[in-house]
Amino acid sequence: MSVTTDSLMRETVAARELPLMRPVTARAGISWAAALGGAAVAAAVSVMLISLGSGLGFAAVSPFGNNPSVMTFTAISAIWLIVVQWVSAFFGGYLAGRLRPSLTDVHTEEVGFRDTATGFVAWAVATLLVVAVVGLGATSAASGIGRAASTMVASAAGGAAQGGAAAPGGEPSGYLLDMLFRPVQPNPQGNTAEAKAEAGRILAAGATGDISQPDHDYLTQLVSSRTGLAPADAGKRVDEVITQEKQAVDRAKQAADAARKAAAGFSIYTAASMLIGAFIACVAGAIGGRQRDAF
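Because the structure is predicted, anything quoted here is derived from the model rather than measured.

### A few points about the confidence of the model for the chain
Here comes step 1: Of the residues in the chain, 71% reach a pLDDT of 70 or more, and the chain-wide mean stands at 76.
Here comes step 2: No element of the chain has a lower mean pLDDT than helix 1 (residues 2-17), which averages 53, and none a higher one than helix 2 (residues 32-60), which averages 87.
Here comes step 3: Counting contacts from residues 17-25, a segment whose pLDDT is below 50, to residues more than four positions away or on other chains yields zero contacts.

Here's what the structure looks like:
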């Protein structure tokens, strides 16, 4: 009988010492309110800094020359992008971690991970918002650079011969037709406009390569018959024009290549700055969470 009484007493004391078991309620692993709030702040700071950078860039560029080179301007833009990511990601990640509700029944390491994840999500949402607002303009600018570079090459190569290079539907071009009906000796009394157009088509055909000797001789005869110059002087003039055309084509190719390198570098720098921004947002979220729990 005493044994039974002692057992009941021990069980009663043990039951009193056991903590009360509270029902566990399922909660989301992330606070979207805090993440969206941090994302909104990060996006606003990004737009503000991008606008500031654009203003400083326009102030540094002059239409009258003395401008930095394309690569220098690209490097400055890349540095500014990194600054934008640093500042905006820190503000957004810090506020997201600081505003996230505190968790008292979760392990400390898990709390730190969730604060970090909230900062990262805030950065990701802010990036999507900025891309949605600014991305279309940046894409249009990049495509505009590509079209401008192509136009420069096309202008240098065939600006003197409008409609003289290629013909649609497999039809012979104006240059081929000129070769087909080219006279042995140009008519000095012929139409000057037609002579200029024909000369332009010859120059356009040889812009990306070398003008053949028959074309060179015909241009010399054409210039001599229209200007009254001696064949030797006309040949020198033709050589000068061909040299200037090749120089223009080379400059256009260099400009197009510089634009290509600048676009490639800008894309790489953008990716690097975004990676830095993601890291800063994660660290800022953890810092905000620690300061939240410290008070």
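### Examining helix 2
Here comes step 1: Helix length check: helix 2, at 29 residues, gives a terminal C-alpha distance of 41 Å against a target of 42 Å (1.5 Å per residue), a fit within 8%.
Here comes step 2: Residues of helix 2 that are buried: Ala 34, Ala 35, Gly 38, Ala 39, Ala 42, Ala 43, Val 45, Ser 46, Leu 49 and Gly 57.

### Observations concerning the packing of helix 7 (residues 213-227) against helix 8 (residues 231-294)
Here comes step 1: At a minimum axis distance of 8 Å, the contact between helix 7 and helix 8 shows a crossing angle of 120°. Once helix 7 is placed against helix 8, the crossing between them reads as right-handed. When helix 7 is examined against helix 8, the residues His 216, Leu 219, Thr 220, Val 223, Ser 224 and Thr 227 are found in contact with a partner set consisting of Pro 231, Ala 234, Gly 235, Arg 237, Val 238, Asp 239 and Ile 242.

### So, the layout of surface pockets
Here comes step 1: Looking at the second largest pocket, its volume works out to about 300 Å³.
Here comes step 2: Residue lining of the second largest pocket: 13 residues in total, with Lys 196, Ala 199, Leu 219, Leu 222 and Val 223 positioned closest to the centre.
Here comes step 3: Residue assignment for the lining of the second largest pocket shows that the elements contributing at least two residues are helix 6 (192-205), helix 7 and helix 8.
Here comes step 4: Residues that form the lining of the second largest pocket fall into these classes: eight nonpolar, two polar and three charged.

### Focus: the packing of aromatic side chains
Here comes step 1: Applying the stated criterion across every chain, the model contains three aromatic pairs.
Here comes step 2: Pairing Phe 90 with Tyr 94 gives two aromatic rings, centres 6.0 Å apart and planes at 15°, and the pair type is stacked. Within this pair, Phe 90 and its partner Tyr 94 are both found in helix 3 (residues 70-99), separated by four residues, close to a single helical turn.
Here comes step 3: Through successive ring pairs, a cluster of aromatic residues spans Phe 90, Phe 91 and Tyr 94.

### Looking at a nonpolar patch on the surface
Here comes step 1: Residues Phe 90, Phe 91, Phe 279, Val 283 and Ile 287 make up a contiguous nonpolar surface patch of about 440 Å² in total accessible area.
Here comes step 2: If you list the elements that add at least two residues to the nonpolar patch, you get helix 3 and helix 8.
Here comes step 3: No other element matches helix 8, which puts three residues into the nonpolar patch.
Here comes step 4: With respect to the helices and strands, Phe 279 occurs in helix 8.

### Quick word on the packing of helix 6 against helix 7
Here comes step 1: Packing of helix 6 against helix 7 brings their axes to within 11 Å, and their N-to-C directions diverge by 155°. Relative to helix 7, the element helix 6 lies roughly antiparallel. Between helix 6 and helix 7 lies a crossing whose hand is left-handed. Residue-level contacts link Thr 192, Ala 195, Glu 198, Ala 199, Ile 202 and Leu 203 of helix 6 to Asp 215, Tyr 218, Leu 219, Leu 222 and Arg 226 of helix 7.
Here comes step 2: Along the lines of polarity and charge, the residues of the contact of helix 6 with helix 7 split into seven nonpolar, one polar and three charged.

### Section: the side chain of Ser 88
Here comes step 1: Locating Ser 88 in the fold gives a position in helix 3.
Here comes step 2: Ser 88 sits in the buried class, given a relative accessible area of 3%.

### What about the environment of Thr 72?
Here comes step 1: Mapped onto the secondary structure, Thr 72 falls in helix 3.
Here comes step 2: Note: C-alpha distance between Thr 72 and Ala 262 (190 residues apart in sequence) is 9.3 Å.

### Quick word on the environment of Thr 220
Here comes step 1: Along the chain, Thr 220 turns up in helix 7.
Here comes step 2: Between the alpha carbons of Thr 220 and Asp 239 there is a distance of 9.1 Å; along the sequence they are 19 residues apart.
Here comes step 3: Non-local contacts of Thr 220, meaning those with residues more than four positions away in its chain, are made with Pro 231, Ala 234, Gly 235 and Val 238.

### Re helix 7
Here comes step 1: If you check helix 7, its first and last C-alpha atoms are 21 Å apart, about what 15 residues at 1.5 Å a residue would give, namely 21 Å.
Here comes step 2: Residues of helix 7 that are buried include every one of Asp 215, His 216, Tyr 218, Leu 219, Thr 220, Leu 222, Val 223, Ser 224 and Ser 225, and no others.
Here comes step 3: Gly 228 lies just past helix 7 and shows a positive phi near 80°.

Cut-offs and rules
- Residues numbered from 1 in each chain as written.
- Predicted model: local features only at pLDDT ≥ 70, side-chain atom pairs only at ≥ 80, totals over all residues.
- Heavy atoms only, no water.
- pLDDT = per-residue confidence, 0-100.
- Helix = DSSP H or I, 4+ residues; strand = E, 2+ residues; numbered from the N terminus.
- Contact = heavy atoms within 4.5 Å.
- Expected span 1.5 Å × (residues − 1).
- Buried < 20%, exposed > 50% of the residue type's maximum accessible area, 1.4 Å probe, protein only.
- Axes fitted to C-alpha atoms, helices over the stretch in contact; angles between N-to-C directions.
- Left-handed = near helix turned anticlockwise from the far one by under 90°.
- 1 Å grid on protein atoms, 1.4 Å probe; cavity = no way out; pocket = protein on both sides within 12 Å on 5 of 7 lines; lining within 4 Å.
- Points joined across faces, edges and corners; volume = space filled by probe spheres on them.
- Nonpolar A, V, L, I, M, F, W, Y, C, P; charged D, E, K, R; others polar.
- Phe/Tyr/Trp six-rings, centres within 6.5 Å; stacked < 30°, edge-to-face > 60°.
- Patch = residues over 30% accessible without salt bridge, like charges linked within 9 Å, V, L, I, M, F, W, Y side chains within 5 Å.
- Areas by Shrake-Rupley, 256 points an atom, 1.4 Å probe, with all protein chains shown as cover.
- Salt bridge = Lys/Arg side-chain N within 4 Å of Asp/Glu carboxyl O.
- Parallel < 35°, antiparallel > 145°, perpendicular 65-115°, else oblique.

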